[in-house]
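Below are the chains, spelled out letter by letter.
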Amino acid sequence: MISTDSISVGEVVAEAEFRLTRDSLVRYAGASGDFNPIHYRDDVAQSVGLPGVLAHGMLTMGIAVQPVIDWVGDPAKIVDYQVRFTRPVPVDAAEGATVNVVAKVGTIDIEAGIARIDLTVTFGGETVLGKAQVRVSLD
Amino acid sequence: MVPVNSELQGRVFPPTEPYLVGREKIREFSRAVFATNPINTDVAAARAAGYADVVAPPTFAVVIQELTLHQLLSEPDAGIDFSRVVHGEQRFTSTRPIVAGDELTATLTVASAKSLGGHSMVTAESSIVDAAGAHVVTAISTLVVRGDA
């Protein structure tokens with residue numbers, strides 16, 4: 001079992017690669033209830049100045065925490081999770097989009113039994129989420 | 001462009017109608033965010049881990065938050081043009097995870113509303129409680145309302 005003294009600051013605890021397709025976006029729209037057409041219609045996305053259909057920011061946020069859950073073993077251990085949406089993720093109709101996640105230990109609060117895990121989330125080599133921090137209970 | 005009404009700051013909206021969290025909804029949402037942990041989808045695994053039913057992924061609270069943001073965006077004097085809204089930041093602070101069978105009610109408070117160089121930023125805090133009134137999670141969303149380009 002993972003505890004605050006079995007990890008160290010700066011350690012990479014999880015890494016993952018996710019391939020998003022237009023199918024992923026439709027599935028997320030239905031599951032979340034976010035039916036903004038910029039997430040499934042190129043014509044609407046382009047009419048508001050976007051290159052094309054984008055992934056929901058909340059989908060990127062939702063997938064980016066999954067490697068941390070796999071590492072800690074229980075989704076209920078995530079006590080706090082925050083992100084800034086700094087760059088959109090365009091999802092090409094044929095190619096999709098590949099999002100990479102690296103999760104690293106940021107701080108450890110031994111008294112509270114909480115570790116802050118910092119996520120680096122990239123698409124095409126560029127960061128798409130800023131200040132992406134997950135607080136994990138390790139009690 | 002009509003600026004976002006700065007008097008929104010501090011406004012508290014009425015609690016939303018109770019939202020009953022369904023097991024299949026959690027499974028559907030879990031698949032949509034590529035969750036692979038069996039506690040999200042398998043009742044036996046969830047019970048073995050000590051939960052009454054399947055546990056929602058951390059970002060599931062967005063489904064409940066959507067109900068409060070709808071209240072905010074349809075407030076007649078808010079001045080928030082939905083077509084110009086960009087999601088700037090999101091945070092979830094949990095007391096306990098959301099579990100299938102929960103009946104959740106959300107109350108939105110506008111934590112801040114300010115204009116910065118043509119853009120406006122509204123931070124909405126939705127406090128989500130269970131049927132007993134106990135805190136489950138607070139969803140904090142910062143919306144950026146773009147000014148004229």
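Residues numbered from 1 in each chain as written. Chains lettered and ligands numbered in written order. Predicted model: local features only at pLDDT ≥ 70, side-chain atom pairs only at ≥ 80, totals over all residues.

### So, the overall build of chain A
Thought 1: Looking only at helices and strands, one finds four helices and six strands in chain A.
Thought 2: Reading chain A from its N terminus to its C terminus gives the helix and strand order β-α-α-α-α-β-β-β-β-β.
Thought 3: For chain A, contacts bridging at least 24 residues in sequence account for 64% of all contacts bridging at least 6. (Helix = DSSP H or I, 4+ residues; strand = E, 2+ residues; numbered from the N terminus. Contact = placed C-beta atoms within 7 Å.)

### Some points on the interface of chain A and chain B
The parts lose accessible area when they come together, and the size of an interface is often stated as this lost area.
Thought 1: Contact residues are listed per partner, giving 27 residues for chain A and 29 residues for chain B.
Thought 2: When contributions to the side of chain A that touches chain B are tallied by element, the ones reaching two or more residues are α1 (22-32), α3 (57-64), α4 (66-72) and β2 (78-85) of chain A.
Thought 3: Top element by residues in the side of chain A that touches chain B is β2(A). It accounts for eight residues.
Thought 4: Tallied by class, residues from the side of chain A that touches chain B come to 16 nonpolar, six polar and five charged. (Nonpolar A, V, L, I, M, F, W, Y, C, P; charged D, E, K, R; others polar.)

### What about unusual backbone geometry?
Peptide bonds are mostly trans, and most non-glycine residues show a negative phi.
Thought 1: We note that A:Lys131 has phi near 40 degrees; this positive angle belongs to a residue other than glycine.
Thought 2: Tracing the sequence through the fold places A:Lys131 in strand β6 (residues 129-137).
Thought 3: Overall, A:Lys131 belongs to the exposed group, with 12 C-beta atoms counted inside 10 Å.
Thought 4: Despite not being glycine, B:Phe34 has its phi angle at roughly 65 degrees, a positive value.
Thought 5: One can find B:Phe34 in the loop between α1 (23-32) and α2 (43-48). (Buried ≥ 20, exposed ≤ 12 C-beta atoms within 10 Å, placed from the backbone.)

### Details of the pairing of strand β3 (residues 97-109) of chain A
Residues and elements named next belong to chain A.
Thought 1: Relative to β3, strand β1 (residues 12-20) runs antiparallel, the two sharing eight bridges. Bridge pairing in β3 places Glu17 opposite Asn100.
Thought 2: Two strands pair when backbone bridges link them, and β3 and strand β4 (residues 114-123) are joined in this way by 10 bridges, in the antiparallel orientation. Across the sheet, residue Ala103 finds its bridge partner in β4, namely Leu119. (Pairing = 2+ DSSP bridges.)

### With respect to the packing of α1(A) against α1(B)
Thought 1: With their axes 9 Å apart at the nearest point, α1(A) and α1(B) run at an angle of 150 degrees to one another. Relative to α1(B), the element α1(A) is oriented roughly antiparallel. With respect to the hand of their crossing, α1(A) and α1(B) are arranged in left-handed fashion. Each of A:Arg27, A:Tyr28, A:Ala31 and A:Ser32 in α1(A) lies in contact with α1(B), whose residues at this interface are B:Glu28, B:Phe29, B:Arg31 and B:Ala32.
Thought 2: Partitioning the contact of α1(A) with α1(B) into residue classes produces four nonpolar, one polar and three charged. (Axes fitted to C-alpha atoms, helices over the stretch in contact; angles between N-to-C directions. Parallel < 35°, antiparallel > 145°, perpendicular 65-115°, else oblique. Left-handed = near helix turned anticlockwise from the far one by under 90°.)

### Let's talk about α1(A)
Thought 1: All of the buried residues along α1(A) are A:Ser24, A:Leu25, A:Tyr28, A:Ala31 and A:Ser32. One face of α1(A) carries all of its buried residues, which in axial projection span an arc of 130 degrees.
Thought 2: In this fold, the buried residues of α1(A) make contact with β1 and α3 of chain A together with α1 and α3 (62-73) of chain B.
Thought 3: Downstream of α1(A) by one or two residues, A:Gly33 has phi in the positive range, about 85 degrees. (Arc of directions from axis to C-beta.)

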